[in-house]
Amino acid sequence: MSGSSGSTASVSGRHFRAERLDFFSFFFTGLTGLATLLILGILAVILLNIVLNGWQALSWRFVSTIPEKDFFDPATTGVLAMIVGTTSRVLVMTIFVLPVGVITAIYLTEYAPMRSPVTRVIRGAVNNLAGVPSIVFGLFGLGFFINFIGASLDDALGNSEPTWRQPSILWASLTLAVMTLPVVIVATEESLRAIPAGIREASLALGATKLETIARVVLPQALPGIMTGGILAVSRAAGEVAPILFTGVAYYMADLPSKLTDQFMDLGYHVFVLSTQSPNIEQTRPILYATVLVLLLLTFALNLTAVLIRAHVRRKLRALG
Amino acid sequence: MHQEPSKSVEIALATEVSAIPPESPKMIDVECLSLWYGQTQALKDITLRICQRMVTAFIGPSGCGKSTLLRCFNRMNDLIEGVRVGGRITIGGHDINAPDVDVIELRKRIGMVFQKSNPFPKSVYDNVAYGPRLLGVRAKRELDVVVEDSLRRAALWEEVRDRLRESALGLSGGQQQRLCIARAIAVKPEIILMDEPASALDPIATSRIEDLILELKRDFTIVIVTHNMQQAARISDHTGFFYLGELIEFGSTRQIFTNPKKKRTEDYVTGRFG
């Protein structure tokens with residue numbers, strides 16, 4: 001057919017005309033590069049602003065001092081109580097969120113029938129949980145953990161003084177755990193799904209039960225992915241203030257918290273206090289910046305620890321298994 | 001003794017069983033087996049016998065049901081949603097689809113080697129010791145013996161004896177497949193099912209696997225699915241030819257390849273289709 005041979009010629013002709021393609025590829029390469037630069041630029045501005053304004057007020061005394069009642073004086077105040085508070089609420093949250101999230105993910109990937117409506121509802125619920133504003137989690141924590149569970153515990157134990165029925169590290173951590181649950185579930189599910197089906201089959205064909213297969217073959221391999229979920233959860237939770245507002249954070253405490261039922265001071269919340277409650281904004285500004293810097297460094301340190309542990313686990317898996 | 005099946009089966013058996021030496025005791029007995037994936041029927045009224053300490057090969061074009069049948073023997077099809085089975089499979093006289101059968105026990109007695117080698121991301125040692133550990137073996141000395149013995153029988157010991165603690169994923173493809181065979185025989189099964197065990201290997205690795213199968217035949221009953229007709233001809237005692245879920249012909253390998261009774265079998269083994 002003459003038509004087909006004609007079109008072949010024009011197709012090959014088009015192949016050699018490169019100017020137009022070149023312009024578009026140049027344009028889009030430039031565009032993606034610019035977008036990346038913009039993000040890096042914003043990040044650099046934020047970090048530089050904080051570091052440059054914060055490092056002068058940062059000192060060993062600042063991070064190792066428990067603040068006095070009047071914590072607006074740059075010469076005497078410190079953030080030790082806030083470092084302890086933020087660290088403990090993040091760690092306690094991790095202890096709760098990892099097992100619950102991992103077990104839920106195991107149920108969803110290994111046990112739940114794939115196309116059943118129940119599974120779909122659960123998965124939808126998990127996704128919706130991720131979209132709930134964090135202040136709503138705070139209200140939920142107040143209503144459910146403190147006013148319901150805490151109050152019931154106090155009644156059951158016959159406490160005359162409210163022990164569980166009040167904001168504390170425990171309730172704030174549980175509220176944060178509920179908030180970060182979707183992150184852990186999704187990350188774990190992804191790492192479970194990435195494990196080849198052949199390995200599960202091999203284990204089952206050797207006469208392993210489903211539970212033995214999960215415990216001995218699937219979970220060890222999914223561990224790095226699960227830890228990624230943990231890292232994301234820690235990053236998300238460390239800077240959150242809204243969920244702990246009603247559930248645990250204190251404006252001021254004279255002593256460091258000593259038990260899970262104590263309230264705590266928090267770096268993120270303290271940033272808010274310093275920037276809104278100060279009698280002298282100009283005087284407080286250096287410690288405000290320094291507190292933000294400490295929060296950033298703390299988040300970074302927590303992440304770095306988790307990343308190092310994960311790298312260790314990966315190396316072990318690769319070398320030995 | 002084995003003449004109870006229904007009339008239609010008896011007629012089917014009349015030609016097929018004649019090709020099997022009468023002295024070899026049967027291991028697996030398949031009677032009128034049908035299998036459906038949802039609405040699609042994957043196996044149609046299959047009847048055959050697999051003899052002890054022999055190699056039985058299933059051949060046929062892709063999608064003919066040979067792998068599906070293989071996975072019926074250790075009930076791996078249970079893992080797939082919506083599978084229904086009709087008919088009977090008896091292994092050592094027990095109906096394996098009976099409600100009182102413990103699938104876990106069944107699978108411990110039947111080893112399986114898959115098309116794609118699938119060692120666990122663990123050390124060579126831990127791969128082989130996986131099955132025995134499931135059986136409750138904890139003593140290190142006992143495990144050492146089983147691991148060495150299984151690796152020797154899988155013709156892998158000399159190659160890996162110095163790297164037992166290294167990851168199995170560092171082995172070559174052929175070594176990985178032999179490791180999977182070692183892992184399967186470590187639990188001392190009676191039957192080994194092989195689903196195209198050499199299809200992803202180069203010719204040298206393939207011939208090592210074939211030698212190994214002939215060696216293992218002394219102790220185990222082996223059922224192998226293969227795409228490679230020369231392979232079936234080289235290593236098997238009996239061959240079944242499957243087409244579109246039906247067992248077209250079953251008999252001694254020599255008879256299937258030199259004197260097929262059905263036109264379709266002849267066309268397939270002579271390479272006219274498939």
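Residues numbered from 1 in each chain as written. Chains lettered and ligands numbered in written order. Predicted model: local features only at pLDDT ≥ 70, side-chain atom pairs only at ≥ 80, totals over all residues.

**Some details on the overall build of chain B**
Link 1 in the chain: Secondary structure summary: chain B contains 11 helices and 10 strands in total.
Link 2 in the chain: Taking 19 Å as the expected radius of gyration for a compact globule of 274 residues, we find that chain B reaches 19 Å, a close match to that expectation.
Link 3 in the chain: The C-alpha extent of chain B, read off along each of the three principal axes, is 55 × 45 × 40 Å.
Link 4 in the chain: Split into buried and exposed, the 274 residues of chain B put 47% on the buried side. (Helix = DSSP H or I, 4+ residues; strand = E, 2+ residues; numbered from the N terminus. Rg over C-alpha atoms; globule rule 2.2 N^0.38 Å. Buried ≥ 20, exposed ≤ 12 C-beta atoms within 10 Å, placed from the backbone.)

**Section: the overall build of chain A**
Link 1 in the chain: If you tally the helices and strands in chain A, you get 12 helices and zero strands.
Link 2 in the chain: Counting from the amino terminus, chain A carries its helices and strands in the arrangement α-α-α-α-α-α-α-α-α-α-α-α.
Link 3 in the chain: Each principal axis of the C-alpha atoms in chain A carries an extent, and together these give about 95 × 60 × 40 Å.
Link 4 in the chain: With 321 residues in all, chain A has 35% of them scored as buried.
Link 5 in the chain: Residue pairs at least 24 apart in sequence account for 77% of intrachain contacts in chain A once pairs closer than 6 positions are excluded. (Contact = placed C-beta atoms within 7 Å.)

**A few points about the environment of Lys-116 of chain B**
Link 1 in the chain: Relative to the helices and strands, Lys-116 of chain B resides in the loop between strand 6 (110–113) and helix 4 (124–134).
Link 2 in the chain: Every residue in contact with Lys-116 of chain B, bar those within four places of it in the chain, is listed here: Gly-198 of chain A together with Ala-200 of chain B.

**Some words on the interface of chain B and chain A**
Link 1 in the chain: Each partner contributes to the interface: chain B provides 22 residues, whereas chain A provides 20 residues.
Link 2 in the chain: Among the elements that line the side of chain B that touches chain A, the one with the most residues is helix 4 of chain B, at four residues.
Link 3 in the chain: Its residues placed into classes, the side of chain B that touches chain A shows 10 nonpolar, five polar and seven charged. (Nonpolar A, V, L, I, M, F, W, Y, C, P; charged D, E, K, R; others polar.)

**Observations concerning the packing of helix 8 (residues 197–205) of chain A against helix 9 (residues 210–238) of chain A**
Residues and elements named next belong to chain A.
Link 1 in the chain: It is the contact of helix 8 with helix 9, at a shortest axis distance of 10 Å, that shows an interaxial angle of 140 degrees. By the angle between their directions, the pair helix 8 and helix 9 is classed as oblique. The two elements helix 8 and helix 9 cross, and the hand of that crossing is right-handed. For the pair helix 8 and helix 9, the contacting residues are Ile-199, Arg-200, Ser-203 and Leu-204 in the first and Thr-213, Val-217 and Val-218 in the second.
Link 2 in the chain: For the contact of helix 8 with helix 9, a count of residues per class yields four nonpolar, two polar and one charged. (Axes fitted to C-alpha atoms, helices over the stretch in contact; angles between N-to-C directions. Parallel < 35°, antiparallel > 145°, perpendicular 65-115°, else oblique. Left-handed = near helix turned anticlockwise from the far one by under 90°.)

**Section: unusual backbone geometry**
All names here are of chain B.
Link 1 in the chain: Here Asp-45, not a glycine, exhibits a phi torsion of approximately 50 degrees, which is positive.
Link 2 in the chain: The phi torsion at Leu-244 lies on the positive side, around 50 degrees, for a residue other than glycine.
Link 3 in the chain: By the element assignment, Leu-244 lies in the loop between strand 9 (238–243) and strand 10 (246–252).
Link 4 in the chain: The class for Leu-244 is partly exposed, based on 14 C-beta atoms found within 10 Å.

**Side note on the nonpolar core**
Link 1 in the chain: One finds Ala-182, Ile-192, Leu-193 and Ile-222 of chain B to be the most contacted residues of the largest nonpolar core, which totals 142 residues.
Link 2 in the chain: Per element, the largest residue contribution to this core is 15 residues, and it comes from helix 7 (residues 169–193) of chain A.
Link 3 in the chain: With residues near it in sequence (within four places) discarded, Ile-192 of chain B still touches Gly-111, Val-113, Ala-184, Ile-185, Leu-216, Phe-220 and Ile-222 of chain B. (Core = buried A, V, L, I, M, F, W, Y, C linked by C-beta atoms within 7 Å.)

**Some words on the pairing of strand 10 of chain B**
Residue and element names in this part refer to chain B.
Link 1 in the chain: Examined bridge by bridge, strand 9 and strand 10 share six bridges and lie antiparallel to one another. Within strand 10, the position partnered with Tyr-243 by the bridge is Glu-246.
Link 2 in the chain: Here strand 9 folds back onto strand 10 in antiparallel fashion, the turn holding two residues, of which Leu-244 has a positive phi close to 50 degrees. (Pairing = 2+ DSSP bridges.)

**Thoughts on the sheet that holds strand 10 of chain B**
All names here are of chain B.
Link 1 in the chain: The sheet built from six strands is open, its strands ordered 6-7-8-3-9-10 with mixed pairing. If you trace the sheet from one side to the other, it starts and ends with strand 6 and strand 10, each paired once. For this sheet the average axis-to-axis angle between neighbouring strands, irrespective of direction, equals 15 degrees.
Link 2 in the chain: As paired elements, strand 3 (residues 55–59) and strand 9 share four bridges and run parallel to each other.

**Overview of the sheet that holds strand 2 (residues 40–51) of chain B**
Residue and element names in this part refer to chain B.
Link 1 in the chain: The strand order across the open sheet built from four strands is 2-1-4-5, with neighbouring strands paired in antiparallel fashion. The open sheet is flanked by strand 2 and strand 5 (94–95), the only strands paired with a single partner.
Link 2 in the chain: Examined bridge by bridge, strand 1 (residues 26–37) and strand 4 (residues 83–91) share eight bridges and lie antiparallel to one another. Bridge pairing links Ser-34 to Gly-86 in strand 4.

**Digging into the confidence of the model for chain A**
Link 1 in the chain: Mean pLDDT for chain A: 90, with 93% of residues reaching 70 or above.
Link 2 in the chain: Note that pLDDT drops below 50 for residues 1–9 of chain A; the model gives that stretch zero contacts with residues more than four away or on any other chain. (pLDDT = per-residue confidence, 0-100.)

**Let's talk about the confidence of the model for chain B**
Link 1 in the chain: For chain B, the average pLDDT comes to 89, and 91% of its residues sit at 70 or higher.
Link 2 in the chain: Scoring of the predicted complex yields 0.82 for pTM and 0.87 for ipTM.

**A closer look at the packing of helix 5 (residues 117–131) of chain A against helix 7 of chain A**
Residue and element names in this part refer to chain A.
Link 1 in the chain: Running from N to C, helix 5 and helix 7 cross one another at 130 degrees; their axes reach a closest spacing of 8 Å. If you check the angle between helix 5 and helix 7, you find them oblique. For helix 5 against helix 7, the interelement crossing comes out left-handed. Residues Val-126, Asn-127, Leu-129 and Ala-130 of helix 5 lie in contact with helix 7, whose contacting residues are Leu-181, Pro-182 and Ile-185.
Link 2 in the chain: Within the contact of helix 5 with helix 7, the residues separate by chemical class into six nonpolar, one polar and no charged.

**Digging into the environment of Val-313 of chain A**
Link 1 in the chain: Assignment of secondary structure puts Val-313 of chain A in helix 12 (residues 281–319).
Link 2 in the chain: Not counting the four nearest positions on each side in its chain, Val-313 of chain A is found in contact with Leu-223, Pro-224 and Met-227 of chain A.

**Comments concerning helix 7 (residues 173–185) of chain B**
Residues and elements named next belong to chain B.
Link 1 in the chain: Spanning 13 residues, helix 7 covers 19 Å between terminal C-alpha atoms, matching the ideal 18 Å at 1.5 Å per step.
Link 2 in the chain: Those residues of helix 7 that fall on the buried side of the exposure criterion are Gly-174, Gln-175, Gln-176, Gln-177, Arg-178, Leu-179, Cys-180, Ile-181, Ala-182, Arg-183, Ala-184 and Ile-185.
Link 3 in the chain: Buried-residue contacts for helix 7 involve strand 6, helix 4, helix 5 (140–153), helix 6 (157–160), strand 7 (191–195) and helix 8 (203–216). (Expected span 1.5 Å × (residues − 1).)

**Some remarks on the environment of Val-45 of chain A**
All names here are of chain A.
Link 1 in the chain: Within the secondary structure layout, Val-45 lies in helix 2 (residues 19–54).
Link 2 in the chain: When the 10 C-beta atoms within 10 Å are taken as the criterion, Val-45 is described as exposed.
Link 3 in the chain: In the structure, Val-45 is positioned 124 residues away from Ile-169 in sequence and 34 Å away in space, judged by C-alpha atoms.

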